[in-house]
Amino acid sequence: MGEFHKMHGLGNDFVIIDARAQSIEMSPARAQKIADRKFGIGCDQLILLLPSEIADVRMRIFNPDGSEVEACGNASRCVVALLNQDLNIETLGGIISGKLSGNDVEVSMGEATFAWQDIPLAFPMNTDAMPLAWDNLAAPMAINMGNPHAVFFVDDVDAIDLRQLGPTIENDSVFPERANVNVASVAGNEIHLNVWERGAGLTGACGTGACATAVAAIRQGKATSPVTVHQSGGTLTIDWSPGQPVIMTGSATYVFKGQADWDSFG
């Protein structure tokens, strides 16, 4: 038997396993079974905490389809809250620094990158306004926040059917590592955002998506920092200046602790 923690950041929920204290082998198939909401524990992402030689802890992140991804802002806040201390967290997308801030957690997500090969894209193009369109979504900004994002600005986010367009854009061949799809509207320094998350689908909250979208809005002159990003699961505050790390502040909620027999998940 092994211990796990169930947490969420704005409804983006996680099964967190501290593998520094227990031995567990994690495969894509096992992660997929644990994340299953009917036959497993159920989560948007499975988080595995491991020792790190370059940070306080190393975080591996698995989507419900078993794929491993580079970064997750909401999970980073939850890990800081779970361990109840300021942390440097090693991820596949780089080092994420987090600190407790009253009832919230402030996380430094590293610098956003914009070069086509950093996203990555399949071939060179203008990443500030990609010369591409999918139905009524056109000319997104491409940003890497430790993982690839496409950001579309529209007048009415709820008029866009992301359940239909999200998978098409995520898996387009222009994104060799797939992409997170962000559709947003801006009013002053307030952003309303819906996200189709790579490997997870439509989500109530995506931390890296909020960061990428806020950066895109500031970079395009649609908003000034700090920006408030509203998603169906709740609100994040994003602070960014060009050449500086992206700072995200928001809640992290502990739900419950449980025990599981990891061998029963294959």
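These numbers come from a predicted model, not from an experiment.

For the protein chain, the count of helices and strands is four helices and 19 strands. What you see for the protein chain is a C-alpha radius of gyration of 18 Å, in line with the 18 Å of a compact globule of 266 residues. Over its C-alpha atoms, taken along the principal directions, the protein chain stretches across nearly 50 × 35 × 30 Å. In the protein chain, which comprises 266 residues, the proportion classed as buried is 53%. By sequence separation, contacts in the protein chain at least 24 residues apart represent 61% of the contacts at least 6 residues apart. When the accessible surface of the protein chain is summed, it comes to about 11,000 Å², and 46% of that surface belongs to carbon and sulfur atoms. Averaging the positions of the 16 positive and the 31 negative side-chain charges in the protein chain gives two centres separated by 5 Å.

A word on the side chain of serine 76. Within the secondary structure, serine 76 is located in helix 2 (residues 73-83). The buried category is assigned to serine 76, whose relative accessible area is 0%. Not counting residues up to four positions away in its chain, the partners in contact with serine 76 are Met59, Ile89, Ile96 and Val107.

Relative to the helices and strands, glycine 40 resides in the loop between helix 1 (28-35) and strand 3 (45-50). Note: C-alpha distance between glycine 40 and histidine 8 (32 residues apart in sequence) is 17 Å. Sequence-distant contacts of glycine 40, defined by excluding residues within four places in its chain, comprise Lys33, Ile34 and Phe265.

Both strand 3 and strand 4 (residues 57-62) contribute to a ladder of five bridges, which runs antiparallel. Residue pairing across strands places leucine 46 opposite phenylalanine 62, the latter belonging to strand 4. In the sheet, strand 4 pairs with strand 6 (residues 87-91) via two bridges, with the strands oriented parallel. Its bridge partner lying in strand 6, valine 57 is registered against isoleucine 89. With two bridges joining them, strand 4 and strand 5 (residues 68-69) adopt antiparallel strand pairing. Considered in strand 5, the bridge of phenylalanine 62 is made with glutamate 68.

Definitions and limits used
- Residues numbered from 1 in each chain as written.
- Predicted model: local features only at pLDDT ≥ 70, side-chain atom pairs only at ≥ 80, totals over all residues.
- Heavy atoms only, no water.
- Helix = DSSP H or I, 4+ residues; strand = E, 2+ residues; numbered from the N terminus.
- Rg over C-alpha atoms; globule rule 2.2 N^0.38 Å.
- Buried < 20%, exposed > 50% of the residue type's maximum accessible area, 1.4 Å probe, protein only.
- Contact = heavy atoms within 4.5 Å.
- Areas by Shrake-Rupley, 256 points an atom, 1.4 Å probe, with all protein chains shown as cover.
- Lys, Arg positive; Asp, Glu negative; His and termini not counted.
- Charge placed at Lys NZ, Arg CZ, Asp CG, Glu CD.
- Pairing = 2+ DSSP bridges.

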